[in-house]
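# A look at the structure
Here is how the chains run, residue by residue.
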Amino acid sequence: MHIASSHMPVLLEPALRRVCEQYVEQVSGIELVKEILIALADRPPIIWTVISATPFKDALRKPIYQVQLAILRSLDENAEIDFRIVNTSEIRGGEKALGLMLAESLVIWQRR
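For the structure given in this document, a descriptive report is provided here. Since the structure is predicted, the reported quantities are computational estimates derived from the model, not experimental observations. Residue numbers restart at each chain and count upward from 1, following the sequence in its written direction. Only residues with pLDDT of at least 70 get local features here, since the model is predicted, and only at 80 or more are side-chain atom pairs given and counted; chain-wide, interface and lining totals rely on the full set of residues. The basis for every side-chain value is the complete set of non-hydrogen atoms in the structure, without hydrogens or water.

### So, the layout of surface pockets
- A cavity here means a set of 1 Å grid points, computed over protein atoms only, where a 1.4 Å probe fits but cannot escape. A pocket is an open set with protein on both sides within 12 Å along at least 5 of 7 lines, and lining residues have an atom within 4 Å of a point. Grid points are joined across faces, edges and corners, and a volume is the space filled by probe spheres set on the points. By volume, the largest pocket amounts to about 270 Å³.
- E13, L16, R43, P45 and E80 are, among the 13 residues lining the largest pocket, the residues nearest its centre.
- Side-chain classes are defined by residue name, with Ala, Val, Leu, Ile, Met, Phe, Trp, Tyr, Cys and Pro counting as nonpolar, Asp, Glu, Lys and Arg as charged, and the others, Gly among them, as polar. Residues that form the lining of the largest pocket fall into these classes: 10 nonpolar, no polar and 3 charged.

This is the structure:
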């Protein structure tokens, strides 16, 4: 597992940092996951999972959804965090459009 610690925001509160680390540990082994980012400017913060998969095949996302749900269930009811998945194959304009969409997000993990 490679957590981009140089990219992991230092200002993350410990609970959010643990969520990020737990999430990366669990989904980074899924081959279609290419990158994980966090958008701190959003409220609640959003953990973005960038995948590269056959367009509009929701079944491929199921293992990621299961991890997200398990993490959300493990958190205190007042915890604020959201998860989103974006498939590069479904974005018109490809990587450039994705870069614009996630411009304010910080990379916390990428596949090497």
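From this point, things continue past the structure.
### Side note on the environment of Q22
- The secondary structure listing takes helices from DSSP runs of H or I that are at least 4 residues long and strands from runs of E that are at least 2 residues long, numbered from the N terminus. Checked against the element boundaries, Q22 lands in helix α1 (residues 14-27).
- Given a relative accessible area of 32%, Q22 falls into the partly exposed group.
- Along the sequence, Q22 and V67 sit 45 residues apart, while their C-alpha atoms lie 9.5 Å from each other. Here the term buried applies to any residue with accessible area under 20% of the maximum for its type, exposed to any over 50%, and partly exposed to those in between, with areas from a 1.4 Å probe on protein chains only.

### Describing the packing of α1 against helix α2 (residues 62-74)
- Where α1 meets α2, the axes come as close as 10 Å, and the angle between the chain directions of the two elements is 150°. Viewed along their axes, α1 and α2 adopt a mutual orientation that is roughly antiparallel. The handedness of the crossing between α1 and α2 is right-handed. Along the contact surface, α1 presents V19, Q22, Y23, Q26 and V27, while α2 presents I64, V67, Q68 and I71.
- Class assignment of the residues belonging to the contact of α1 with α2 gives a composition of 6 nonpolar, 3 polar and no charged. Angles here are taken between N-to-C directions and fall from 0 to 180 degrees, while the axes themselves are lines fitted to C-alpha atoms, restricted in helices to the stretch in contact. We call two directions roughly parallel when the angle between them is under 35 degrees, roughly antiparallel when it is over 145, roughly perpendicular when it lies between 65 and 115, and oblique otherwise. Rotating anticlockwise by less than a right angle from the far helix to the near helix defines a left-handed crossing, while the corresponding clockwise rotation defines a right-handed one. In what follows, residue pairs with any heavy atoms lying within 4.5 Å of each other are defined as contacts.

These values are about where atoms sit, not about what they do.
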